[in-house]
Amino acid sequence: MTMALPENDRWYEIANVGEIPSPALAFYPERIEENIRRMIRIAGSAGRLRPHVKTHKTAEIVRLQLKHGIAKFKCSTIAEAEMTAAAGAPDVLLAMQPVGPAITRFFALKRAFPNTMLGAIVDSEDVIGQIARAAASAGMNACLWLDVNSGMNRTGIAPGDEAARLYRLIHETPGLSVGGLHDYDGHIHASDVAARTSQCDSEYAPVEAMIEAIRQAGVPGPATVAGGSPTFPIHAKRPGVELSPGTPLLWDAGYGSAYGDLDFLVAAVLVGRIVSKPAAGKICLDLGTKAVASEM
């Protein structure tokens, strides 16, 4: 589709909107690329970024990031991992512990995309064992990252001795290699940047202590993937930490109003039409809750 990007506050206007079926989500590549550049500036280099694909789930946006030197990505589902690998990503982390049939699908995906380093997070000794057995059966190696719970209380294991033991277990188990630690702090969303920084630093401190303990034990020091969109600039100040923002690629009004310290461009708009005027003062849109999730 062809889009007009006038140099004014009506950048979102679409030149050929009459040709676009609705409802639709329109992406603006120039604005997405500017957001990518801003993400890289915050991170310090493209190599420190492992952006999440869950916001857009779109191969073209993955390719835009590859164009700017971003080579590592994070995803939530096997389907997202397949899309990202098919787009040419050399390194993809499945940030959801594979269980049940997902373990089989994980190895099938590794077989289908041998040029992509595909990893997964884990937080359970039982699942580590299951994946190790599946790796042996498949004649393959699996790269696993230990999922650390620093306060979100959704998945992961609390940083400490038991978490360090699981990290060593991954390292020592045949058929497995350890990628590092995964620490998602999506529960931190204070609008005030000082409050957000204080909470982020406080909750990450036990993770840092565990990393040092692992190194002192003679195990290879773990890489770390940390942060969501509100906290990735905070983690960017920690040497060696990979950053995994997702929302800045497209941005939105909610994040824009909540996080004044984050300067990104809205890069997508919803296209809808009035399909009926059933009564005075009422309209019916094709952009309803059957088409667009309503949680935001």
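Each residue is numbered by its place in its chain's sequence as written, counting from 1. Per-residue local features of the predicted model are confined to residues with pLDDT of at least 70, and side-chain atom pairs are confined, for both listing and counting, to 80 or more; whole-chain, interface and lining totals are unaffected and use all residues. In computing side-chain values, all of the structure's heavy atoms are included and hydrogens and water are not.

Undergrad: I'd like a description of the overall build of the chain, backed by residues and values.
TA: Across its full length, the chain holds nine helices and eleven strands. Radius of gyration here uses only the C-alpha atoms, and the compact-globule reference equals 2.2 Å multiplied by the residue count raised to the power 0.38. For the chain, the C-alpha radius of gyration of 21 Å lies close to 19 Å, the compact-globule estimate for 296 residues. Dimensions of the chain, computed from the C-alpha atoms along their principal axes, are close to 70 × 45 × 40 Å. Looking at the chain residue by residue over its 296 residues, the buried ones come to 46%. For the chain, contacts bridging at least 24 residues in sequence account for 63% of all contacts bridging at least 6. For accessible areas, the Shrake-Rupley method is used with a probe of radius 1.4 Å. Any residue's cover is judged against the shown protein chains and nothing else. Carbon and sulfur atoms provide 54% of the accessible area of the chain, an area that totals close to 14,100 Å². We score Asp and Glu as negative and Lys and Arg as positive, and we do not count His or the chain ends. Taken as the charge location is NZ of Lys, CZ of Arg, CG of Asp or CD of Glu. Put simply, the chain has 28 plus and 31 minus side-chain charges, and the middle of one group is 4 Å from the middle of the other. Every helix listed is a DSSP run of H or I at least four residues long, and every strand listed is a run of E at least two residues long, numbered separately from the N terminus. Using a 1.4 Å probe on the protein chains alone, a residue whose accessible area is under 20% of its type maximum counts as buried, one over 50% counts as exposed, and one in between counts as partly exposed. We call two residues in contact whenever any of their non-hydrogen atoms come within 4.5 Å of each other.

Undergrad: Can you tell me about the nonpolar core, naming the residues and giving the values?
TA: Grouped together as the largest cluster of nonpolar side chains are 65 residues, with contacts concentrated most on Phe-106, Ile-131, Leu-144, Leu-146, Leu-176 and Leu-181. With residues up to four places along the chain from it excluded, the contact list for Phe-106 reads Ile-78, Leu-94, Leu-118, Gly-119, Ala-120 and Ala-142. Ranked by size, the runner-up nonpolar core spans eight residues in total, among them Trp-11, Ile-20, Tyr-28 and Val-269. Nonpolar cores were defined as sets of buried Ala, Val, Leu, Ile, Met, Phe, Trp, Tyr and Cys residues, with membership established by side-chain atoms within 4.5 Å.

Undergrad: Go over helix 5 (residues 125-138), please, and point to the residues and values.
TA: Think of an α-helix as 3.6 residues a turn; residues three or four steps apart then line up on the same face. Taking 1.5 Å of rise per residue, the 14 residues of helix 5 would be expected to cover 20 Å, and the 20 Å separating its terminal C-alpha atoms lies within 8% of that figure. Turning to helix 5, its buried residues number three or more, namely Val-127, Ile-128, Gly-129, Ile-131, Ala-132 and Ala-135. In this fold, the buried residues of helix 5 make contact with helix 4 (101-112), strand 4 (117-122), strand 5 (142-147), helix 6 (161-172) and strand 6 (176-183). Here helix 5 starts with a cap whose side-chain oxygen sits 3.2 Å from the backbone nitrogen of Asp-126, and that cap is Ser-124. After helix 5 finishes, the residue Gly-139 shows a positive phi value of roughly 65°. One less than the residue count of a helix, multiplied by 1.5 Å, gives the span that helix is expected to have. Contacts described as polar in this section are N or O atom pairs within 3.5 Å, which, within protein, must combine one atom able to donate a hydrogen with one able to accept it, while residues neighboring in sequence count only if both atoms come from side chains.

Undergrad: Could you give an account of a nonpolar patch on the surface, with specific residues and numbers?
TA: Only residues whose relative accessible area exceeds 30% and that form no salt bridge are eligible for patches; like-charged ones are grouped when within 9 Å, while nonpolar side chains (Val, Leu, Ile, Met, Phe, Trp, Tyr) are grouped when within 5 Å. Take a side-chain nitrogen of Lys or Arg and a carboxyl oxygen of Asp or Glu: if they are within 4 Å of each other, that pair is a salt bridge. Residues Ile-274, Ile-283 and Leu-285 make up a contiguous nonpolar surface patch of about 280 Å² in total accessible area. In this structure, Ile-283 sits in strand 11 (residues 282-285).

Undergrad: An account of the packing of aromatic side chains is requested, with residue identities and associated values reported.
TA: In this scheme Phe, Tyr and Trp rings, the latter by its six-membered ring, pair at centre separations within 6.5 Å, and the angle between planes marks the pair as stacked below 30 degrees, edge-to-face above 60, and tilted otherwise. This structure, assessed with the given rule, holds seven aromatic pairs. For the pair Trp-251 and Phe-264, a centre-to-centre distance of 5.2 Å together with 55° between the ring planes defines the contact as tilted. Taken together, the residues Trp-251 in the loop between strand 8 (241-243) and helix 9 (253-258) and Phe-264 in the loop between helix 9 and strand 9 (268-271) connect sequence positions 13 residues apart. Summarising the burial analysis for this pair, Trp-251 and Phe-264 share the class buried. In textbook terms, an aromatic cluster arises when at least three aromatic residues are bridged by ring pairs, as seen for Phe-232, Trp-251, Tyr-255, Tyr-259 and Phe-264. As a reminder, the over-ring test applies to NZ of lysine and CZ of arginine, requiring each to be within 6 Å of the ring centre and within 35 degrees of the ring normal. The positively charged end of Arg-31 is found above the aromatic ring belonging to Trp-11, 3.6 Å away from the centroid.

Undergrad: Account for the confidence of the model for the chain, naming residues and giving values.
TA: Looking at the chain, pLDDT values average 95 and 97% of them are 70 or higher. Per-residue confidence from the prediction method is given by pLDDT, with values spanning 0 to 100. This stretch, residues 1-6, has a pLDDT under 50; its non-local contacts, to residues over four places away or in other chains, come to 18 contacts.

Undergrad: So, the sheet that holds strand 2 (residues 72-75): which residues are in play, and what are the values?
TA: In a beta sheet, neighbouring strands pair by backbone hydrogen bonds and run either parallel or antiparallel. One bridge is not enough; two strands pair if DSSP finds at least two bridges between them. Taken in spatial order, the seven strands of this open sheet run 2-3-4-5-6-7-8, and their pairing is parallel. The two strands at the open ends of the sheet, each matched to only one other strand, are strand 2 and strand 8. Taken over all neighbouring pairs, the strand axes of this sheet differ in orientation by 30° on average, direction set aside. As paired strands, strand 5 and strand 6 are joined by six bridges and run parallel to one another. Inter-axis angles, ranging from 0 to 180 degrees, are taken between N-to-C directions of lines fitted to C-alpha atoms, where helices are fitted over the stretch in contact.

Undergrad: Which residues make up the side chain of Asn-149, and what are the values?
TA: As for its placement among the helices and strands, Asn-149 is situated in the loop between strand 5 and helix 6. Separated by 3.0 Å, the side chain of Asn-149 and the backbone nitrogen of Gly-151 make a polar contact. Within the local environment of Asn-149, its side chain forms a polar contact with the backbone nitrogen of Met-152, the two atoms lying 3.2 Å apart. If near-sequence neighbours (up to four positions away) are discounted, Asn-149 is found in contact with Thr-155, Gly-156, Ile-157, Ala-158 and Pro-159.

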